[in-house]
Amino acid sequence: MFQGVLPALITPFNDDNKIDRDGLKRNIEFVENGGVSGVVTCGTTGESATLSTTEHKELIDLTIEYASVPVIAGTGSNNTAEAIELTKYAADTGADGALVISPYYNKPNPEGLIRHFKAIAGSADIPVILYNVPSRTAQDIPIEVITELSKVSNVVGIKEASGSIPKITRILEETADEDFVVFSGEDDLIFPIVALGGVGVISVVANVAPVKTVELVKATQQGDFETAKKLHFELAPLIRQLFAETNPIPVKRAMEIMGLAAGPLRLPLAPLSNENEKNLVEALKNAGCLG
């Protein structure tokens, strides 16, 4: 159902800290022209933690209106009722799927995780992609929980950002008989994860280098590992700079440098340091993102 490169879109803001609607449209056009397979809105890269519920819904509406590719809406929360509300909204509005992060801060036990995700999946007729990112949630979703959830009819995959290739291997093994896919949740692991059988990436770097990211995934899927390895190493320095500080601080600055829409960060995030900006500009030039 979903595969390839799906940029985790930033949320561009105007100087008055409101959503930059025109800027969002231009950014979506940029990545679509780069050949992406879909877009993800209201994710971590979109500063979802600082969006009000009204803004969250507005951003889902706008992304569906502007995009000509499938739209995955971030609808997760550590509050199950809120996640259900947002997931229902995404389904009713016409999103093609929902990306649901595991509950941060609460740190539920395995049974709590299963009940949380099943309640969300059961609340709306929409494909659900789980999102495992222990660096943000302080909890790694256990293999057995993922395996159990893969049996739920509309839980169709996982964005896996644990950084553990052995774990991803196990997920692919344990869910092989289910209609369930694995996306890389980390740009520096696109090559190995897709080579193992992952279907693509939900990506930060694709916001600024969509063409090369798409080429990397396609080459890996086609077994052209020499080309894939070359692209992997071409993108690696840029990816390192995009994560030199907390995402989305560097990528928003990168997009601003490239003339795309970004605008200010919302507190508690602060602007990129001068030293990291210098390194970012160099990486953008070397990756062909700047003239």
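Q: What exactly am I supposed to notice about the overall build of the chain here?
A: When helices and strands are counted, the chain shows 12 helices and 8 strands. Compactness check: the chain gives a C-alpha radius of gyration of 18 Å against a globular reference of 19 Å for 291 residues, within 12% of the reference. Once the C-alpha set of the chain is aligned to its principal axes, its extents read approximately 50 × 45 × 35 Å. Within the span of the chain, comprising 291 residues, buried residues form 55% of the whole. The contacts in the chain between residues at least 6 apart in sequence include a share of 73% that link residues at least 24 apart. When the accessible surface of the chain is split by element, carbon and sulfur atoms take 48% of a total near 12200 Å². Of the charged side chains in the chain, 24 are positive and 38 negative, and the gap between their average positions amounts to 3 Å.

Q: Explain the side chain of D20 here, please?
A: Tracing the backbone through its elements, the reader meets D20 in the loop between β1 (4–7) and α1 (21–33). It turns out D20 is buried and unbridged, and the closest side chain with the opposite charge, R26, is 4.6 Å from it. Within the structure, the side chain of D20 is placed 2.9 Å from the backbone nitrogen of G23, a separation counted as a polar contact. Those residues in contact with D20, other than ones at most four positions away along the chain, are P12, F13, N14 and A261.

Q: Hey, could you run me through the nonpolar core in this one?
A: Side chains of nonpolar character tend, in soluble globular proteins, to be buried together. With 81 residues, the main nonpolar core has V39, L130, V155, V205, V208, L238 and L242 as its most contacted residues. For this core, the element with the most residues is helix α10 (residues 225–242), which contributes 6 residues. Membership of the second largest hydrophobic core comes to 16 residues, among which are Y131, V133, V156 and I202.

Q: I tried to follow empty space enclosed by the protein on my own but got confused; where do I start?
A: If you roll a probe as big as a water molecule over the atoms, it shows you where there is empty space left. One pass over the structure, following the stated rule, counts 1 cavity of 30 Å³ or more. Put simply, the largest cavity is a space of about 30 Å³. Lining the largest cavity, in full, are A8, V40, G43, T44, T45, L99, Y131, K159 and I202. Tallied by class, the residues present in the lining of the largest cavity amount to 5 nonpolar, 3 polar and 1 charged.

Q: It is not clear to me how the pattern of salt bridges should be interpreted in this structure. Could you clarify?
A: A side chain of one charge can pair with a side chain of the opposite charge when the charged atoms of the two come close. Enumeration over the complete set of coordinates arrives at 13 salt bridges. In the salt-bridge network here, residues are joined through shared partners; they are K212, K230 and E234.

Q: I tried to follow unusual backbone geometry on my own but got confused; where do I start?
A: Residues apart from glycine generally show negative phi values, whereas peptide bonds are mostly found in trans. Cis geometry is adopted by the peptide bond preceding P248, which originates at N247 and carries an omega value of 10 degrees. Positionally, P248 belongs in the loop between α10 and α11 (249–257). Here the amide bond leading from L267 into P268 is cis, since omega sits at 15 degrees, within 30 degrees of zero. Secondary-structure assignment places P268 in the loop between α11 and α12 (274–286). Backbone geometry places N17, a non-glycine residue, at a positive phi of 70 degrees.

The rules behind each value
Residues numbered from 1 in each chain as written. Predicted model: local features only at pLDDT ≥ 70, side-chain atom pairs only at ≥ 80, totals over all residues. Heavy atoms only, no water. Helix = DSSP H or I, 4+ residues; strand = E, 2+ residues; numbered from the N terminus. Rg over C-alpha atoms; globule rule 2.2 N^0.38 Å. Buried < 20%, exposed > 50% of the residue type's maximum accessible area, 1.4 Å probe, protein only. Contact = heavy atoms within 4.5 Å. Areas by Shrake-Rupley, 256 points an atom, 1.4 Å probe, with all protein chains shown as cover. Lys, Arg positive; Asp, Glu negative; His and termini not counted. Charge placed at Lys NZ, Arg CZ, Asp CG, Glu CD. Salt bridge = Lys/Arg side-chain N within 4 Å of Asp/Glu carboxyl O. Polar contact = N/O pair within 3.5 Å; in protein donor to acceptor, adjacent residues only side chain to side chain. Core = buried A, V, L, I, M, F, W, Y, C linked by side-chain atoms within 4.5 Å. 1 Å grid on protein atoms, 1.4 Å probe; cavity = no way out; pocket = protein on both sides within 12 Å on 5 of 7 lines; lining within 4 Å. Points joined across faces, edges and corners; volume = space filled by probe spheres on them. Nonpolar A, V, L, I, M, F, W, Y, C, P; charged D, E, K, R; others polar.

The quantities given are spatial measurements derived from coordinates; they are silent on function.
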